[in-house]
Amino acid sequence: MRTALDTESRRGVMHDIDSSTAKLVFQSLALEGAATVTQLQQRLALPKLTILSVLKTLSRDDLVDTESTSEQTRYYARQ
């Protein structure tokens, strides 16, 4: 299981993220640890399509990575 990011690492990354929604998603992953899209939806009360779009962007920017099994995909903030 992936651990949450420390405060110093999180601050550095947060400075580079432009979108407030992307900051919210990243902050959730950094503070609360890895999560599925459904878990992020429950945590943040955002639509799944919004979360998926944000995760795609964060992943493209090498800020988020995934762990996949046959049953689910969990996203986590890169360290």
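Just so it is clear, the structure is predicted and the values come from calculations on it, not from any experiment. (Residues numbered from 1 in each chain as written. Predicted model: local features only at pLDDT ≥ 70, side-chain atom pairs only at ≥ 80, totals over all residues. Heavy atoms only, no water.)

Visitor: Help me understand the pattern of salt bridges in this model?
Guide: Between side chains of opposite charge, a pair can form when the charged atoms approach closely. Throughout the structure, instances matching the rule amount to four salt bridges. Between Arg60 and Asp61 there is a salt bridge; the shortest N-O distance is 3.4 Å. Its relative accessible area of 41% is what places Asp61 among the partly exposed residues. Notably, a salt bridge pairs Arg78 with Asp62, separated by 3.4 Å at the nearest N-O pair. (Salt bridge = Lys/Arg side-chain N within 4 Å of Asp/Glu carboxyl O. Buried < 20%, exposed > 50% of the residue type's maximum accessible area, 1.4 Å probe, protein only.)

Visitor: Explanation requested: helix H4 (residues 48–60) in the structure shown.
Guide: Along an α-helix, residues three or four positions apart point the same way, because every turn accommodates 3.6 residues. The end-to-end C-alpha distance of H4 is 18 Å, a good match for the 18 Å that 13 residues give at a rise of 1.5 Å each. Next to the buried residues of H4 lie helix H2 (20–32), helix H3 (37–44), strand S1 (64–68) and strand S2 (73–77). Just past H4, the residue Asp62 takes up positive phi, approximately 60 degrees. (Helix = DSSP H or I, 4+ residues; strand = E, 2+ residues; numbered from the N terminus. Expected span 1.5 Å × (residues − 1). Contact = heavy atoms within 4.5 Å.)

Visitor: Mind showing me how you'd approach the packing of H2 against H4 here?
Guide: The geometry of a pair of packed helices is captured by two quantities: the angle between their axes and the separation between those axes. Contact geometry of H2 with H4 gives a least axis separation of 10 Å together with a crossing angle of 80 degrees. Considering the angle they form, H2 stands roughly perpendicular to H4. On the side of H2, the interface is formed by Thr21, Ala22, Val25, Phe26 and Leu29, while H4 contributes Thr50, Val54, Leu55 and Leu58. Taken together, the residues of the contact of H2 with H4 break down into seven nonpolar, two polar and no charged. (Axes fitted to C-alpha atoms, helices over the stretch in contact; angles between N-to-C directions. Parallel < 35°, antiparallel > 145°, perpendicular 65-115°, else oblique. Nonpolar A, V, L, I, M, F, W, Y, C, P; charged D, E, K, R; others polar.)

Visitor: Would you mind going over the side chain of Arg74 with me for this structure?
Guide: Its location among the elements puts Arg74 in strand S2. Salt bridges are absent for the buried Arg74, whose nearest opposite-charge side chain, Glu67, sits at 5.0 Å. At 2.8 Å, the side chain of Arg74 forms a polar contact with the backbone oxygen of Ala34. (Lys, Arg positive; Asp, Glu negative; His and termini not counted. Polar contact = N/O pair within 3.5 Å; in protein donor to acceptor, adjacent residues only side chain to side chain.)

Visitor: I tried to follow the nonpolar core on my own but got confused; where do I start?
Guide: The tendency in soluble globular proteins is for nonpolar side chains to be buried as a group. In this structure, Val25, Phe26, Leu29, Leu40, Leu55, Leu58 and Val64 are the most contacted members of the largest nonpolar core, which totals 20 residues. Sorting the residues of this core by element identifies H2, H3, H4 and S2 as the ones contributing at least two each. At five residues, H2 tops the list of elements feeding residues into this core. (Core = buried A, V, L, I, M, F, W, Y, C linked by side-chain atoms within 4.5 Å.)

Visitor: What's the story with the environment of Pro47 in this structure? I'm lost.
Guide: Topologically, Pro47 is positioned in the loop between H3 and H4. Taking the C-alpha atoms as reference points, Pro47 and Val37, 10 residues apart in sequence, are found 9.6 Å from one another.

Visitor: Any chance you could explain H3 here in plain terms?
Guide: When H3 is considered as a whole, its buried residues turn out to be Val37, Leu40 and Leu44. Axial view of H3: buried residues confined to an arc of 60 degrees, hence all on one face. Buried residues in H3 make contact with H2, H4 and S2. Two residues or fewer after H3 comes Ala45, characterised by a positive phi angle close to 55 degrees. (Arc of directions from axis to C-beta.)

Don't take any of this as a statement about function, it's just geometry.
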